[in-house]
Amino acid sequence: LVGPAQPGQEPAVGGAVEVVPGDVSGTWFCPHGGGEGWRAWIAVANPSDRTATLQVTTVGTAGGRVETPAEVRPMTAAYIEVPADQPPASSTVEFFGAPVGAGMVLSLPDRDGVAADPCAADAAREWLVPGGTTIRGQQARLVIMNPFSIGATVEVSLVASRRIVRPGALRGLVLPPRRSASVGLNRFALGEAALTASVRATLGRVVTGAVGISTEGVRSAIGASAPARAWVLPGTADDGQTDLQVMVPGRQEVPFRVRAQHAD
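Residues numbered from 1 in each chain as written. Predicted model: local features only at pLDDT ≥ 70, side-chain atom pairs only at ≥ 80, totals over all residues. Heavy atoms only, no water.

Draft legend 1. Looking closely at the state of the cysteines. Following the criterion strictly, the structure yields one disulfide and no others. Covalently, cysteine 30 is tied to cysteine 119 through a disulfide, its sulfur atoms 2.1 Å apart. Negative torsions about the S-S bond denote left-handed disulfides, and the value of about 105° found for cysteine 30 with cysteine 119 makes this one right-handed. Within this pair, whereas cysteine 30 is found in strand E1 (residues 25-30), its partner cysteine 119 is found in the loop between strand E8 (115-118) and strand E9 (126-132), the two being separated by 89 residues in sequence. (Disulfide = S-S within 2.5 Å. Helix = DSSP H or I, 4+ residues; strand = E, 2+ residues; numbered from the N terminus.)

Draft legend 2. Up close: the nonpolar core. One finds Ile42, Leu54, Leu106, Trp127, Leu142, Ile144 and Leu158 to be the most contacted residues of the largest nonpolar core, which totals 59 residues. Setting aside anything within four residues of it in sequence, one finds tryptophan 127 in contact with Ala120, Asp122, Ala197, Ser198, Val199, Val206, Val207, Thr208, Gly223, Ala224 and Ser225. (Core = buried A, V, L, I, M, F, W, Y, C linked by side-chain atoms within 4.5 Å. Buried < 20%, exposed > 50% of the residue type's maximum accessible area, 1.4 Å probe, protein only. Contact = heavy atoms within 4.5 Å.)

Draft legend 3. A look at empty space enclosed by the protein. Enumeration according to the criterion identifies one cavity of 30 Å³ or more in this entry. The calculated volume of the largest cavity comes to roughly 60 Å³. Around the largest cavity, the lining residues are Pro31, His32, Met104, Val105, Leu106, Ala115, Gly209, Ala210, Val211, Ser220, Ala221 and Ile222. Partitioned by chemical class, the residues of the lining of the largest cavity number nine nonpolar, three polar and no charged. (1 Å grid on protein atoms, 1.4 Å probe; cavity = no way out; pocket = protein on both sides within 12 Å on 5 of 7 lines; lining within 4 Å. Points joined across faces, edges and corners; volume = space filled by probe spheres on them. Nonpolar A, V, L, I, M, F, W, Y, C, P; charged D, E, K, R; others polar.)

Draft legend 4. Region of interest: the layout of surface pockets. Each pocket or cavity is described by its volume, and for the second largest pocket that value is around 850 Å³. Put simply, the parts of the chain that give the lining of the second largest pocket at least two residues each are E9, strand E11 (152-160) and strand E15 (195-203). Grouping the constituent residues of the lining of the second largest pocket by class yields 16 nonpolar, eight polar and seven charged.

Draft legend 5. View of the side chain of serine 157. Residue placement: serine 157 occurs in strand E11. The class of serine 157 is buried, set by a relative accessible area of 19%. Excluding its chain neighbours within four sequence positions, the residues that come into contact with serine 157 are Val165, Arg166, Thr196, Ala197 and Ser198.

Draft legend 6. Quick peek at a nonpolar patch on the surface. A cluster of nonpolar side chains, namely Trp231, Leu233, Leu244, Val246, Val248, Val254, Phe256 and Val258, defines an oily patch on the protein surface of about 790 Å² accessible area. As for its placement among the helices and strands, phenylalanine 256 is situated in the segment after strand E17 (218-222). (Patch = residues over 30% accessible without salt bridge, like charges linked within 9 Å, V, L, I, M, F, W, Y side chains within 5 Å. Areas by Shrake-Rupley, 256 points an atom, 1.4 Å probe, with all protein chains shown as cover. Salt bridge = Lys/Arg side-chain N within 4 Å of Asp/Glu carboxyl O.)

Draft legend 7. Focus on the pattern of salt bridges. Evaluated as defined, the whole model comprises five salt bridges. A salt bridge links glutamate 67 to arginine 65; its shortest N-O distance comes to 3.0 Å. The residue arginine 163 makes a salt bridge to glutamate 192 at a minimum N-O spacing of 2.8 Å. Of this pair, arginine 163 sits in the loop between E11 and strand E12 (164-165) while glutamate 192 sits in the loop between strand E14 (179-184) and E15, and the two are 29 residues apart along the sequence. The class of arginine 163 is partly exposed, set by a relative accessible area of 37%.

Structure (C-alpha coordinates):
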(Lines give C-alpha, C1' and ligand atoms only; values in the text may rest on other atoms or scores of the structure.)
Protein backbone atom coordinates (compact mmCIF):
# COMPACT_ATOMS: atom_id res chain seq x y z
CA LEU A 1 0.00 0.00 0.00
CA VAL A 2 1.13 3.56 -0.69
CA GLY A 3 1.19 5.89 2.29
CA PRO A 4 0.05 5.27 5.88
CA ALA A 5 -3.18 3.36 6.35
CA GLN A 6 -4.68 1.58 9.34
CA PRO A 7 -8.02 -0.15 9.92
CA GLY A 8 -10.45 2.55 10.95
CA GLN A 9 -8.84 5.30 8.86
CA GLU A 10 -11.70 7.14 7.17
CA PRO A 11 -11.50 7.96 3.47
CA ALA A 12 -13.10 11.09 2.12
CA VAL A 13 -16.79 10.36 1.71
CA GLY A 14 -18.69 12.07 -1.08
CA GLY A 15 -22.05 11.91 -2.73
CA ALA A 16 -23.07 10.06 -5.87
CA VAL A 17 -20.30 8.82 -8.14
CA GLU A 18 -19.72 11.15 -11.08
CA VAL A 19 -18.22 9.47 -14.14
CA VAL A 20 -16.25 11.69 -16.53
CA PRO A 21 -15.83 10.47 -20.13
CA GLY A 22 -12.33 9.11 -20.68
CA ASP A 23 -11.75 8.26 -17.02
CA VAL A 24 -10.28 4.93 -16.00
CA SER A 25 -12.77 2.56 -14.37
CA GLY A 26 -12.85 -1.01 -13.10
CA THR A 27 -14.01 -3.38 -10.40
CA TRP A 28 -12.58 -5.52 -7.58
CA PHE A 29 -14.51 -8.42 -6.01
CA CYS A 30 -13.94 -9.20 -2.31
CA PRO A 31 -15.56 -12.38 -0.83
CA HIS A 32 -14.45 -11.66 2.75
CA GLY A 33 -17.26 -13.36 4.69
CA GLY A 34 -18.30 -12.46 8.21
CA GLY A 35 -20.09 -13.48 11.40
CA GLU A 36 -21.39 -12.17 14.69
CA GLY A 37 -19.04 -9.51 16.00
CA TRP A 38 -16.71 -9.74 12.99
CA ARG A 39 -15.19 -6.65 11.36
CA ALA A 40 -14.00 -6.28 7.77
CA TRP A 41 -12.21 -3.58 5.84
CA ILE A 42 -11.44 -3.02 2.19
CA ALA A 43 -7.89 -1.68 1.84
CA VAL A 44 -7.56 0.54 -1.23
CA ALA A 45 -4.31 2.00 -2.61
CA ASN A 46 -4.16 4.70 -5.27
CA PRO A 47 -0.61 4.88 -6.71
CA SER A 48 -1.55 7.35 -9.46
CA ASP A 49 -1.48 11.15 -9.61
CA ARG A 50 -5.27 11.40 -9.90
CA THR A 51 -8.04 11.07 -7.31
CA ALA A 52 -9.99 7.80 -7.44
CA THR A 53 -13.72 7.81 -6.75
CA LEU A 54 -15.08 4.58 -5.26
CA GLN A 55 -18.44 2.89 -4.89
CA VAL A 56 -18.27 -0.01 -2.39
CA THR A 57 -21.31 -2.30 -2.29
CA THR A 58 -21.74 -5.10 0.27
CA VAL A 59 -24.31 -7.91 -0.06
CA GLY A 60 -25.23 -11.19 1.66
CA THR A 61 -27.82 -13.92 1.31
CA ALA A 62 -30.72 -11.54 1.80
CA GLY A 63 -29.27 -9.00 -0.58
CA GLY A 64 -28.95 -6.20 2.04
CA ARG A 65 -27.10 -3.81 -0.25
CA VAL A 66 -24.99 -1.22 1.55
CA GLU A 67 -23.43 1.33 -0.78
CA THR A 68 -20.52 3.51 0.39
CA PRO A 69 -19.16 6.24 -1.89
CA ALA A 70 -15.63 7.42 -1.09
CA GLU A 71 -12.56 9.10 -2.58
CA VAL A 72 -8.90 8.11 -2.32
CA ARG A 73 -6.47 10.92 -3.06
CA PRO A 74 -3.38 10.48 -5.27
CA MET A 75 -0.49 8.47 -3.80
CA THR A 76 -2.44 7.52 -0.67
CA ALA A 77 -4.25 4.52 0.76
CA ALA A 78 -7.31 4.09 2.96
CA TYR A 79 -9.24 1.43 4.85
CA ILE A 80 -13.00 1.39 4.30
CA GLU A 81 -14.95 -0.62 6.88
CA VAL A 82 -17.74 -2.74 5.38
CA PRO A 83 -20.52 -4.80 7.01
CA ALA A 84 -19.38 -8.28 8.08
CA ASP A 85 -22.15 -9.53 10.37
CA GLN A 86 -23.20 -12.41 8.07
CA PRO A 87 -21.11 -15.44 6.96
CA PRO A 88 -21.74 -14.80 3.23
CA ALA A 89 -20.90 -11.07 3.33
CA SER A 90 -19.09 -9.93 0.17
CA SER A 91 -18.12 -6.53 -1.20
CA THR A 92 -17.68 -5.11 -4.70
CA VAL A 93 -15.35 -2.12 -5.23
CA GLU A 94 -16.02 -0.01 -8.33
CA PHE A 95 -13.40 2.65 -9.06
CA PHE A 96 -13.55 5.66 -11.37
CA GLY A 97 -11.01 8.27 -12.44
CA ALA A 98 -7.83 6.38 -11.51
CA PRO A 99 -6.76 2.73 -11.16
CA VAL A 100 -6.55 1.37 -7.61
CA GLY A 101 -5.55 -1.85 -5.91
CA ALA A 102 -7.87 -3.46 -3.37
CA GLY A 103 -7.56 -6.10 -0.67
CA MET A 104 -9.74 -7.38 2.15
CA VAL A 105 -8.91 -7.53 5.86
CA LEU A 106 -10.90 -9.58 8.37
CA SER A 107 -10.86 -9.48 12.16
CA LEU A 108 -12.69 -11.68 14.68
CA PRO A 109 -13.61 -10.74 18.25
CA ASP A 110 -11.41 -12.25 20.96
CA ARG A 111 -8.86 -13.49 18.38
CA ASP A 112 -5.31 -12.35 17.77
CA GLY A 113 -4.23 -11.07 14.37
CA VAL A 114 -6.18 -10.54 11.15
CA ALA A 115 -6.68 -12.35 7.85
CA ALA A 116 -5.78 -10.45 4.69
CA ASP A 117 -5.97 -11.28 0.99
CA PRO A 118 -6.16 -9.42 -2.31
CA CYS A 119 -9.56 -9.01 -3.89
CA ALA A 120 -10.20 -10.66 -7.27
CA ALA A 121 -9.90 -8.62 -10.44
CA ASP A 122 -12.54 -10.62 -12.33
CA ALA A 123 -15.22 -13.27 -11.99
CA ALA A 124 -14.84 -16.71 -13.61
CA ARG A 125 -16.60 -19.98 -14.41
CA GLU A 126 -14.17 -22.10 -12.34
CA TRP A 127 -12.28 -21.54 -9.09
CA LEU A 128 -9.67 -23.55 -7.18
CA VAL A 129 -9.63 -22.64 -3.51
CA PRO A 130 -6.80 -23.97 -1.29
CA GLY A 131 -6.08 -23.35 2.36
CA GLY A 132 -8.81 -25.34 4.12
CA THR A 133 -8.50 -27.71 7.07
CA THR A 134 -11.22 -29.44 9.09
CA ILE A 135 -9.20 -31.11 11.83
CA ARG A 136 -10.34 -30.78 15.44
CA GLY A 137 -10.73 -27.13 16.45
CA GLN A 138 -10.74 -25.84 12.87
CA GLN A 139 -13.63 -24.67 10.70
CA ALA A 140 -13.49 -24.13 6.94
CA ARG A 141 -15.96 -22.09 4.89
CA LEU A 142 -16.35 -21.08 1.28
CA VAL A 143 -17.71 -17.66 0.37
CA ILE A 144 -19.18 -17.58 -3.15
CA MET A 145 -20.38 -14.26 -4.55
CA ASN A 146 -22.46 -13.49 -7.63
CA PRO A 147 -21.97 -9.75 -8.26
CA PHE A 148 -23.99 -9.63 -11.49
CA SER A 149 -27.61 -8.88 -12.38
CA ILE A 150 -28.33 -12.44 -13.58
CA GLY A 151 -28.51 -15.60 -11.48
CA ALA A 152 -25.71 -18.16 -11.18
CA THR A 153 -25.64 -21.90 -10.47
CA VAL A 154 -22.56 -23.62 -9.05
CA GLU A 155 -21.27 -27.08 -8.16
CA VAL A 156 -18.66 -27.66 -5.44
CA SER A 157 -16.23 -30.59 -5.19
CA LEU A 158 -13.87 -31.07 -2.23
CA VAL A 159 -10.37 -32.47 -2.75
CA ALA A 160 -8.46 -33.93 0.22
CA SER A 161 -5.13 -35.75 0.30
CA ARG A 162 -6.69 -39.19 -0.32
CA ARG A 163 -10.21 -38.62 -1.59
CA ILE A 164 -12.53 -36.43 -3.63
CA VAL A 165 -15.93 -35.58 -2.15
CA ARG A 166 -18.84 -34.46 -4.33
CA PRO A 167 -21.74 -33.89 -1.93
CA GLY A 168 -25.18 -33.88 -3.49
CA ALA A 169 -26.09 -30.88 -1.35
CA LEU A 170 -23.36 -28.85 -3.08
CA ARG A 171 -24.52 -29.56 -6.62
CA GLY A 172 -26.80 -27.06 -8.32
CA LEU A 173 -26.45 -24.31 -5.70
CA VAL A 174 -28.40 -21.29 -6.91
CA LEU A 175 -27.13 -17.76 -6.30
CA PRO A 176 -29.67 -15.06 -7.17
CA PRO A 177 -28.42 -11.83 -8.76
CA ARG A 178 -26.12 -9.74 -6.54
CA ARG A 179 -26.07 -12.26 -3.72
CA SER A 180 -23.45 -14.40 -2.02
CA ALA A 181 -23.49 -17.66 -0.10
CA SER A 182 -21.44 -19.26 2.67
CA VAL A 183 -20.79 -23.02 2.62
CA GLY A 184 -19.49 -24.77 5.75
CA LEU A 185 -17.16 -27.59 4.72
CA ASN A 186 -16.77 -29.45 8.04
CA ARG A 187 -20.09 -31.23 7.61
CA PHE A 188 -18.97 -32.71 4.29
CA ALA A 189 -15.29 -33.59 4.93
CA LEU A 190 -14.44 -33.62 8.63
CA GLY A 191 -10.95 -34.38 9.91
CA GLU A 192 -8.99 -33.39 6.78
CA ALA A 193 -5.65 -31.69 7.44
CA ALA A 194 -5.57 -30.33 3.88
CA LEU A 195 -8.82 -29.58 2.08
CA THR A 196 -9.21 -27.66 -1.17
CA ALA A 197 -12.36 -26.85 -3.08
CA SER A 198 -13.18 -26.81 -6.78
CA VAL A 199 -16.07 -24.50 -7.63
CA ARG A 200 -17.60 -24.62 -11.12
CA ALA A 201 -20.35 -22.29 -12.31
CA THR A 202 -22.69 -24.12 -14.67
CA LEU A 203 -24.58 -20.86 -15.19
CA GLY A 204 -23.13 -17.38 -14.91
CA ARG A 205 -19.82 -16.38 -13.33
CA VAL A 206 -18.85 -16.10 -9.67
CA VAL A 207 -15.99 -15.17 -7.33
CA THR A 208 -14.89 -17.54 -4.57
CA GLY A 209 -12.78 -17.26 -1.44
CA ALA A 210 -12.27 -19.24 1.76
CA VAL A 211 -12.32 -18.41 5.47
CA GLY A 212 -10.81 -20.58 8.21
CA ILE A 213 -11.67 -20.18 11.88
CA SER A 214 -9.97 -21.62 14.96
CA THR A 215 -9.72 -20.81 18.63
CA GLU A 216 -6.43 -19.01 17.91
CA GLY A 217 -7.41 -16.81 14.98
CA VAL A 218 -8.71 -16.50 11.44
CA ARG A 219 -7.22 -17.10 7.99
CA SER A 220 -8.48 -16.42 4.50
CA ALA A 221 -7.63 -17.37 0.91
CA ILE A 222 -8.78 -15.95 -2.39
CA GLY A 223 -9.43 -18.60 -5.04
CA ALA A 224 -7.46 -19.01 -8.26
CA SER A 225 -9.41 -19.06 -11.50
CA ALA A 226 -6.87 -21.37 -13.19
CA PRO A 227 -3.92 -23.61 -12.27
CA ALA A 228 -0.38 -22.49 -13.10
CA ARG A 229 3.11 -23.92 -13.51
CA ALA A 230 4.62 -21.64 -10.86
CA TRP A 231 3.42 -19.67 -7.85
CA VAL A 232 5.26 -16.96 -5.89
CA LEU A 233 4.02 -16.61 -2.30
CA PRO A 234 5.50 -13.66 -0.39
CA GLY A 235 5.25 -13.37 3.38
CA THR A 236 5.52 -17.06 4.26
CA ALA A 237 8.33 -16.47 6.75
CA ASP A 238 6.12 -14.61 9.21
CA ASP A 239 5.83 -15.65 12.87
CA GLY A 240 4.21 -19.01 13.52
CA GLN A 241 3.93 -22.13 11.42
CA THR A 242 3.46 -21.99 7.65
CA ASP A 243 1.74 -24.83 5.79
CA LEU A 244 1.72 -24.95 2.00
CA GLN A 245 -1.19 -26.66 0.24
CA VAL A 246 -0.77 -27.85 -3.36
CA MET A 247 -3.80 -28.89 -5.42
CA VAL A 248 -3.63 -30.94 -8.62
CA PRO A 249 -6.95 -30.45 -10.47
CA GLY A 250 -6.15 -32.91 -13.27
CA ARG A 251 -6.01 -36.69 -13.37
CA GLN A 252 -2.23 -37.10 -13.68
CA GLU A 253 0.44 -36.98 -11.01
CA VAL A 254 2.43 -33.75 -11.04
CA PRO A 255 6.02 -33.58 -9.75
CA PHE A 256 6.83 -30.25 -8.09
CA ARG A 257 9.42 -28.61 -5.90
CA VAL A 258 9.27 -25.83 -3.31
CA ARG A 259 12.09 -23.33 -2.86
CA ALA A 260 12.28 -20.96 0.08
CA GLN A 261 13.95 -17.60 -0.51
CA HIS A 262 15.20 -15.38 2.32
CA ALA A 263 16.59 -11.87 2.50
CA ASP A 264 20.16 -13.17 2.19
